[in-house]
Amino acid sequence: MKKEKLQIGFSGGILFFVLFFFVQPLVSQIAQSIPYTIFETQLDTVSFNGNMSQIDFKAPPDSKTTSPKNIYWTKLDFSSVFPEKAQDDSKWILDIGYLNLAKIYFLNEGRLDSTILGSFELNKDFTGSFEFSRDQLLNDQFLLLKFSKLNNRQILGNKKFMLYPKEQHKFLKDYVHVAQSNIIALSYLLWGGVFVGIVISLIFYRTFKQREYIYYSLYALSLALFLGRFGIDWYANHIGNYSLVNFILNNAFELLAGMFYALFQKHFLGTTINYPILDKVIQGAVIIFIFWLLFDTAVIIFEKYTLHLVLLDIRAVLLSILVLFAILYLSINFKSNLNWFIIIGSLIYGTGSVLVYLTGNGNYLRLAAIGEITVFSLGLGYKVHLENKEKIKTEQEASMTYIKLLRSQLNPHFLFNAMNSIQQLVLSGNRTNALNYLGKFSKLMRFTLESSSQESILLSNEISFLKTYMDLEALRFDNGFEYSIEIDKEINPNTIEIPQMVSQPFVENAIIHGLIPKTNGPKNIWIYFNKKDNDIIECIIVDNGIGRAASQERKTNYTRHKSIGISLIKKRLDNLRKNSFNDSTVNFEDIHDSHGKPLGTKVTLTILVK
């Protein structure tokens, strides 16, 4: 799109250079402005009995503008073009420009005749030109034109009527077509931008179901219909670029664009919550837009053009106030970077409107519209980015909250087992071991309480915790098992962090369900921390107990509680995997000898470290 804009801008510059320095001087030699005088009245007919001196024609005033309620009888004087008594049988073209109601009077075989030339009368057949020969002039010198300007005000002194030979008509028609090519190119560029914007916004709407995407599409479409109809052949051939229907549609599309702009702003910024004052202003503006659309359309249909122009002036003031208020309010109450997109887009379009007012060149507004819808589409993309970012943050917070909940369920489970062990030692009268156990238990309690709010801990602290825990379990079972912990030489336990208490439930499971039920032979548990990758370590827990199959046969209430502890850890790792710990896994493996006899169980935890 950027390359396309550059090419259009470059070709437009060349076109302007050629038109200004070569074609325009040639056109000025071919076509000449016809002097005229005007009789302003509200009468639809005048009488002159062949002598137009009876009508009070005056030179057009330089500052006075046309009024829809007035009729302007215009005497076009060709005396400077056709000298007296000179014979001239050639055909000429008079270009009267864009006049809504117009009728020209001339001689036809010596009798007064007329033909209609107005855009609201001819609609799609309007050309704005009249072909004639010298013998059709009134008094061999004049043509009489009656016209009314209904759609806007025009300074009478600036009105020009151009005359050129018929044989140059094709050249001048091509010149006008070339001169209008920038308008056509910008119209197509506007439609291209609108099409892309609407497709993207509808895709977003299908995903997010938010109204701003619909209102953006409606705003962009209304803006394209308002500014981009010129140059579309189907529209020109069936409706007409200057017809009455076009005038009604132009007015409607402009009002619809304003209404959808306000609604887009409302939902894009979430004004109901974030900017309540602006929200009330927008709600009022939308109601006014709807009323204005219906009322002004009826005014035009019933040909109350003077009232329409008054409404047009009021509308321009109200729209300017609305846009300026929104820009100032959003600048003062700045809560989000989304404000910038509304402020910048509105300023671009507002600047285009001012340039059109100062120069009369509608291309400035088309360029401004392209800029504004581009800024708004970027704003929608940025909002999607913010919402996805916020969604991810919310999901992470919810996930971490769930992890804390799982840990809060895990810690009481372990504490219950530890307290039960102390109770058994006290009841059995083993005071020495009970005191020793109580000392280690207090150390374990302190560690648990201090780390309860932490998401992760140092590997060295996790290992210290495991040692204290296994010492407690060994005391509880009369030193009925031995353990060892080995750390890979490439691992520095004082710099690596892992999820808190992630290995303890599996160690506890190995002791309670693997080693303690074993009736003969040594009872051992081996724990290995190996480096698997730069950010991944493996915690391998191996026991030479009775195996999982035999353990399942010895199901007890304790087993049911312990299965809950293991399931909590699995859920915890699953939630960690959804966030940053996306490679954390748990794998169980049964160990057998060559004859299939169970020799124990191996559990491998794969953990992404910090």
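Right above here is the structure, for reference.
The present account deals with the structure reproduced in this document. This is a predicted model, so every value here is computed, not measured.

1. Some words on the overall build of the protein chain
Point 1. Looking only at helices and strands, the protein chain features 17 helices and 16 strands.
Point 2. Taken over 610 residues, the protein chain has a buried fraction of 44%.
Point 3. For the protein chain, long-range pairs separated by at least 24 residues make up 73% of all intrachain contacts whose partners lie at least 6 apart in sequence.
Point 4. Element-wise, carbon and sulfur atoms account for 58% of the exposed surface of the protein chain, whose accessible area totals about 32200 Å².

2. Thoughts on a nonpolar patch on the surface
Point 1. A cluster of nonpolar side chains, F291, F295, L307, V310, I314, V317, L318 and I321, forms an exposed patch at the surface whose accessible area comes to about 690 Å².
Point 2. Of all the secondary structure elements, the ones that give two or more residues to the nonpolar patch are α9 (276-301) and α10 (305-332).
Point 3. Tracing the backbone through its elements, the reader meets L307 in helix α10.
Point 4. Taking relative accessible area as the criterion, L307 reaches 36% and is therefore assigned partly exposed.

3. Quick word on the pattern of salt bridges
Pairing of side chains with opposite charge becomes possible as their charged atoms draw close.
Point 1. In total, this model carries 14 salt bridges according to the counting rule given.
Point 2. The partner of E40 in a salt bridge is K64, with the nearest N and O atoms 2.8 Å apart. Remark: K64 occurs in the loop between β2 (36-41) and β3 (71-77) and E40 occurs in strand β2; sequence separation between them is 24 residues.
Point 3. Between D590 and R548 there is a salt bridge, with the nearest N and O atoms lying 3.0 Å from each other. A residue pair is termed long-range when its members are at least 10 positions apart, and D590 in strand β15 (residues 585-592) and R548 in helix α16 (residues 547-553) qualify at 42 residues.
Point 4. In this structure D590 comes out as partly exposed when scored by relative accessible area, which is 33%.
Point 5. Bridged by salt links that share partners, the residues E254, D296 and R315 form one connected network.

4. Comments concerning the packing of α9 against α10
Point 1. With their axes 11 Å apart at the nearest point, α9 and α10 run at an angle of 165 degrees to one another. Compared by their axis directions, α9 and α10 come out roughly antiparallel. Two packed elements cross with a definite hand, and for α9 against α10 that hand is left-handed.
Point 2. Within the contact of α9 with α10, the residues separate by chemical class into 21 nonpolar, 1 polar and 2 charged.

5. A closer look at the packing of aromatic side chains
Point 1. By the definition in use, this model includes 30 aromatic pairs.
Point 2. Between F506 and F588 the ring centres are 6.0 Å apart and the planes differ by 50 degrees, which places this aromatic pair in the tilted class. Of this pair, F506 sits in helix α15 (residues 504-515) while F588 sits in strand β15, and the two are 82 residues apart along the sequence.
Point 3. Look at F588 and you get partly exposed, because its relative accessible area is 22%.
Point 4. Linked through ring pairs, F78, F82, W92, F106, F130 and F132 together constitute an aromatic cluster.
Point 5. Directly above the aromatic system of Y98 lies the positively charged group of K149, at a separation of 4.3 Å from the ring centroid.
Point 6. Geometry around Y275 places K335 over its ring, the cationic atom sitting 5.3 Å from the centre.

6. Topic: unusual backbone geometry
Point 1. At K209, a residue that is not glycine, the phi angle is positive and equals roughly 55 degrees.
Point 2. With respect to the helices and strands, the residue K209 is situated in the loop between α4 (181-208) and α5 (211-227).
Point 3. The exposed category is assigned to K209, whose relative accessible area is 55%.
Point 4. Positioned with a positive phi, E303 is a non-glycine residue whose angle comes to about 60 degrees.
Point 5. With respect to the helices and strands, E303 occurs in the loop between α9 and α10.

7. Quick word on the side chain of N251
Point 1. With respect to the helices, strands and loops of the structure, N251 is situated in helix α7 (residues 244-269).
Point 2. Owing to a relative accessible area of 4%, N251 belongs among the buried residues under this scheme.
Point 3. Within the structure, N251 has its side chain in polar contact with the side chain of D296 (distance 3.2 Å).

8. Some points on the sheet that holds β2
In a beta sheet, neighbouring strands are held together by backbone hydrogen bonds and run either parallel or antiparallel to one another.
Point 1. Strand order in this open sheet of 5 strands is β2-β3-β8-β5-β6, and the pairing throughout is antiparallel. With partners counted over all chains shown, the strands left at the sheet margins are β2 and β6 (111-116), one partner each. When the angles between neighbouring strand axes are averaged without regard to direction, this sheet yields 20 degrees.

9. Brief notes about the packing of α5 against α7
Point 1. Packing of α5 against α7 brings their axes to within 8 Å, and their N-to-C directions diverge by 155 degrees. By the angle between their directions, the pair α5 and α7 is classed as roughly antiparallel. By crossing handedness, the relation of α5 to α7 is classed as left-handed. Of the residues in α7, those in contact with R211, E212, Y215, Y216, L218, Y219, S222, L223, L225 and F226 of α5 are N250, F253, E254, L256, A257, F260, Y261, L263, F264, H267 and F268.

10. Focus on the pairing of strand β14 (residues 536-543)
For a regular strand, side chains alternate in direction, first toward one face of the sheet and then toward the other.
Point 1. Among the 8 residues that make up β14, 8 are buried, leaving the element largely enclosed by the rest of the structure.
Point 2. Burial of the side chains of β14 extends over both faces: I536, E538, I540 and V542 are buried on one face and I537, C539, I541 and D543 on the other.
Point 3. Connecting the antiparallel pair strand β13 (residues 524-533) and β14 is a turn made up of 2 residues.
Point 4. Direction of pairing for β14 relative to strand β16 (residues 598-608): antiparallel, over a ladder of 8 bridges. Counted as the bridge partner of E538 is T606 from β16.

11. Here we look at the sheet that holds β16
Point 1. Taken in spatial order, the 5 strands of this open sheet run β11-β13-β14-β16-β15, and their pairing is mixed. Of all strands in the sheet, those bounded by a partner on one side alone are β11 (482-487) and β15. Averaged over all neighbouring strand pairs, the angle between strand axes comes to 15 degrees, with direction disregarded.
Point 2. As paired elements, β13 and β14 share 8 bridges and run antiparallel to each other. Its bridge partner lying in β14, K531 is registered against I537.
Point 3. Where helix α14 (residues 459-476) meets the sheet, its contacts fall on β11, β13 and β14, and the angle it forms with β11 comes to roughly 170 degrees.
Point 4. Here α15 sits on the sheet and contacts β13, β14, β15 and β16; the angle it forms with β13, its principal contact strand, is near 145 degrees.

Thresholds applied
Residues numbered from 1 in each chain as written. Predicted model: local features only at pLDDT ≥ 70, side-chain atom pairs only at ≥ 80, totals over all residues. Heavy atoms only, no water. Helix = DSSP H or I, 4+ residues; strand = E, 2+ residues; numbered from the N terminus. Buried < 20%, exposed > 50% of the residue type's maximum accessible area, 1.4 Å probe, protein only. Contact = heavy atoms within 4.5 Å. Areas by Shrake-Rupley, 256 points an atom, 1.4 Å probe, with all protein chains shown as cover. Patch = residues over 30% accessible without salt bridge, like charges linked within 9 Å, V, L, I, M, F, W, Y side chains within 5 Å. Salt bridge = Lys/Arg side-chain N within 4 Å of Asp/Glu carboxyl O. Axes fitted to C-alpha atoms, helices over the stretch in contact; angles between N-to-C directions. Parallel < 35°, antiparallel > 145°, perpendicular 65-115°, else oblique. Left-handed = near helix turned anticlockwise from the far one by under 90°. Nonpolar A, V, L, I, M, F, W, Y, C, P; charged D, E, K, R; others polar. Phe/Tyr/Trp six-rings, centres within 6.5 Å; stacked < 30°, edge-to-face > 60°. Lys NZ or Arg CZ within 6 Å of the ring centre and 35° of its normal. Polar contact = N/O pair within 3.5 Å; in protein donor to acceptor, adjacent residues only side chain to side chain. Pairing = 2+ DSSP bridges.

Geometry only, nothing functional implied.
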